Amino acid sequence: MYIISNHFTMKQQNLSVYPTYSKNMSTMADHKTLHIAMYPFFAMGHFIPFLHISNKLAKRGHRISFLFPSKVLTKFEPQNLHPHLISFIPITVPQVDGLPSGAAITADVPSSLFPSIMTAMDLTQPIVEIHLRELKPHFVFFDFTHWMPALCRKLDIRSMFYVTSGAVNVAFLLTPEKKIMEKDDLELDVIMEPPESFPPCSIRLHAHEARIVSNNTRPFGVNISLPRRLVTSLTECDVIGIKTCTELEGPYCQYLKTQYKKEVILAGPTVTESPNLVLEEPFASFVASFKPGTLILCVLGSECVLKKDQYQELVLGLELTGFPFLAALKPPTDAETTESALPEGFQMRVKGKGLVFGGWVPQELILKHPSVGCFITHCGWGSLSQSITSPCQLVFLPNGVDQAVNARMFESDLKIGVEIKKRDDGFFSRDEVCKAVRAVMDVDSQIGKEVRANHAKYRELLLREGLEDSYIDKFVQKLLATLG
Ligand SMILES: C[C@@H]1O[C@H](OP(=O)(O)OP(=O)(O)OC[C@H]2O[C@@H](n3ccc(=O)[nH]c3=O)[C@H](O)[C@@H]2O)[C@H](O)[C@H](O)[C@H]1O
């Protein structure tokens, strides 16, 4: 049972935040200018891609009303490149029993509390309805709020499930053919293998990853598991949008279109036009102190928190490589601080050539720095999108199951990087960390040459002049076509 500590009425919702543009901007008569409301799951890995697409659409004159939990709204203002077209609408999120006060997004809590973040978001449904009735957008872009399509139908608004995690993992795990909805106790080998009519690939899940999927039946938010929530969203939305491109995931997008019998619109790789920010201290001088192409950057997304033993294997593996490194790792679940989590004497040994940072680092900016020679990523789609267009070598260390599917595709299909090998129980050692890094950093080895050549090919493909624009233009045309 969840305690809702605030009762919301129209007057309590600060409706004066709406942009002062004339209402008829969103009349159907004017088909050239769309008005889109955005409401992504309360997580950095969702906010960031929704903001990217908002900037791309606003650049073409479309209006965006971005609904944000009031507590985090100001954090994103610097990334609003078109404030005259993108309005941030603060949403007062009910306090949920068990969530630390002040916690608003997944990055604020351990993964065990992610379901409560979802519950808080589910409880905003009445507030969201009030705003949508007032805003009257053409579309709502959403992802984890499976109740959004029904709410939109009631208000004569179109709904798009905007998938920020890439297509392959949704296609591998969440289609009717996979039957993940029907049976909670799917056999492991059914989960490990691609569905029957899945595009040819060498993607397979390991047993320890399949066990995570088969156990994923607990409620994620109010009375529904995450898989059921996502399949419901995919089934009931009017149109599916995906932050990807055919050059990377064409066959999987086609498969999703066949499975869900609806339009699948691709936004392209949406390489970010990050505001021209400059790398600041303490990172700027540390990163600049190394020769080009020698620094290992290790960032495991906004949510991953390792256990202390894995945390230590990872940092000791970085030390073993002999390369300088910068690792952004949240302190492990069973340790209070970074200092107490690091192995005895480690910080003295690596002083000046290794830095373990316990908080948020400007990943995109650091990735652009010439010192960076290798990026160890957890394979969240946002980080993978950035990694493909970066010149450095890639090592994959997936944490979640969708990240594991992404890692398999990038290593065994695209062949642009190497995944750190894990034991059958999912544990990885310092030696495996070192082996994977050295493999991609060795310009003379067969694997080193192969990943460099393939990575360069995809990087050139995705950075091709006009590619981004052609995807977004087509994206808008298909949105307009959906309005009929
Ligand atoms: C869709 C969902 O995104 C989630 O988000 P998560 O944050 O883990 O990963 P990214 O998508 O890489 O998003 C992370 C985003 O945060 C940025 N960043 C992160 C850490 C840091 O210290 N500094 C940064 O700048 C990074 O550059 C990227 O833009 C999960 O992956 C989930 O598997 C996936 O389905």
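Residues numbered from 1 in each chain as written. Predicted model: local features only at pLDDT ≥ 70, side-chain atom pairs only at ≥ 80, totals over all residues. Heavy atoms only, no water.

Quick reminder of the rule: UniProt positions are given in the numbering used here, feature names are shortened, and annotations may be inferred rather than shown by experiment.
You'll find the protein entered in an unreviewed UniProt entry as Glycosyltransferase, with Erythroxylum novogranatense given as the organism. The UniProt entry for the protein carries this comment under Pathway (unreviewed entry): "Pigment biosynthesis; anthocyanin biosynthesis."

### A few points about the overall build of the protein
Defined as follows: Each helix corresponds to a stretch of at least 4 residues labelled H or I by DSSP, and each strand to a stretch of at least 2 residues labelled E; elements are numbered beginning at the N terminus. Both definitions apply: the radius of gyration is a C-alpha atom measure, and the globule rule equals 2.2 Å times residues to the power 0.38. For every residue, the accessible area obtained with a 1.4 Å probe (protein chains only) is divided by the maximum for its type, and the residue is called buried under 20%, exposed over 50%, and partly exposed between those limits. Should any heavy atoms of two residues lie within 4.5 Å, those residues are counted as being in contact.
When helices and strands are tallied, the protein shows 20 helices and 13 strands. The C-alpha atoms of the protein give a radius of gyration of 22 Å, which matches the 23 Å a tight globule of 484 residues would have. Principal-axis analysis of the C-alpha atoms places the extent of the protein at approximately 60 × 50 × 45 Å. Counting across all 484 residues of the protein, residues that qualify as buried make up 57%. Taking as baseline every contact in the protein between residues at least 6 positions apart, the subset at least 24 positions apart corresponds to 70%.

### Focus on the packing of helix α18 (residues 430-441) against helix α19 (residues 446-462)
For clarity, the cut-off: Under this scheme, a helix contributes an axis fitted over its contacting stretch, all axes are lines through C-alpha atoms, and angles between N-to-C directions fall in the 0 to 180 degree range. Any angle that falls under 35 degrees is termed roughly parallel, while one over 145 is termed roughly antiparallel, one within 65 to 115 roughly perpendicular, and all others oblique. Only Asp, Glu, Lys and Arg are considered charged in this grouping, and only Ala, Val, Leu, Ile, Met, Phe, Trp, Tyr, Cys and Pro are considered nonpolar; every other residue, Gly among them, is considered polar.
Where α18 meets α19, the closest approach of the two axes is 6 Å, and the angle between their N-to-C directions is 70°. In this view, α18 runs roughly perpendicular relative to α19, as classed from their interaxial angle. When α18 is examined against α19, the residues A439, V440 and M441 are found in contact with a partner set consisting of I447, G448, V451 and R452. Tallied by class, the residues present in the contact of α18 with α19 amount to five nonpolar, one polar and one charged.

### As for the packing of aromatic side chains
Our working definition: By convention, a stacked pair of Phe, Tyr or Trp rings (six-membered ring in the case of Trp) has centres within 6.5 Å and planes under 30 degrees apart, an edge-to-face pair has planes over 60 apart, and any other such pair is tilted. Criterion for a charge above a ring: Arg CZ or Lys NZ at most 6 Å from the ring centre, at most 35 degrees from the ring normal.
By the definition in use, this model includes 25 aromatic pairs. Ring centres 5.0 Å apart and planes at 20° place the aromatic pair F68 and F76 in the stacked group. Between the NZ or CZ atom of K75 and the centre of the ring of W360, over which it lies, the distance is 6.0 Å. K474 extends its terminal NZ or CZ atom over the ring of Y471, reaching a point 5.7 Å from the ring centre.

### Let's talk about the site of the ligand
Put simply, the rule reads: For this description, a residue counts as near a given molecule or strand if any of its non-hydrogen atoms is within 4 Å of it. N or O atoms within 3.5 Å of each other form a polar contact, as long as, within protein, one can give a hydrogen and the other can take it, and as long as residues adjacent in sequence are counted only when both atoms are side-chain atoms.
Lining the immediate surroundings of the ligand are 19 residues, of which S302, V361, S383, D402 and Q403 lie closest. Residue S302 places a side-chain N or O atom 2.6 Å away from an oxygen atom belonging to the ligand. In this structure, an oxygen atom belonging to the ligand sits 2.9 Å away from a side-chain N or O atom of Q386. Broken down by secondary-structure element, the contributors of at least two residues to the shell around the ligand are α1 (44-59), α16 (381-388) and α17 (401-413). Top element by residues in the shell around the ligand is α16. It accounts for four residues.

### Considerations on the nonpolar core
Put simply, the test is: Joining through side-chain atoms within 4.5 Å is the link that ties buried Ala, Val, Leu, Ile, Met, Phe, Trp, Tyr and Cys residues into a set, and such a set is a nonpolar core.
Counting 136 residues, the largest nonpolar core has F141, M148 and F475 as the members making the most contacts within it. Looking at which element gives the most residues to this core, the answer is α1, with eight residues. Other than its neighbours up to four places away in sequence, F475 contacts I53, L57, F141, M160, Y162, I265, L266 and A267. Formed by 32 residues, the second largest nonpolar core is a distinct cluster that contains A341, V356, I376 and V418.

### Focus: the sheet that holds strand β3 (residues 86-91)
To keep things clear, this is the line we draw: We treat two strands as partners when DSSP finds at least two bridges between them.
Spatially, β3-β2-β1-β4-β5-β6-β7 is the arrangement adopted by the seven strands of the open sheet, whose pairing is parallel. This sheet does not close on itself; its edge strands, each paired only once, are β3 and β7 (264-266). Direction aside, neighbouring strands of the sheet carry axes that sit 25° apart on average. Across four bridges, strand β1 (residues 35-39) lies against strand β4 (residues 139-142) in parallel orientation.

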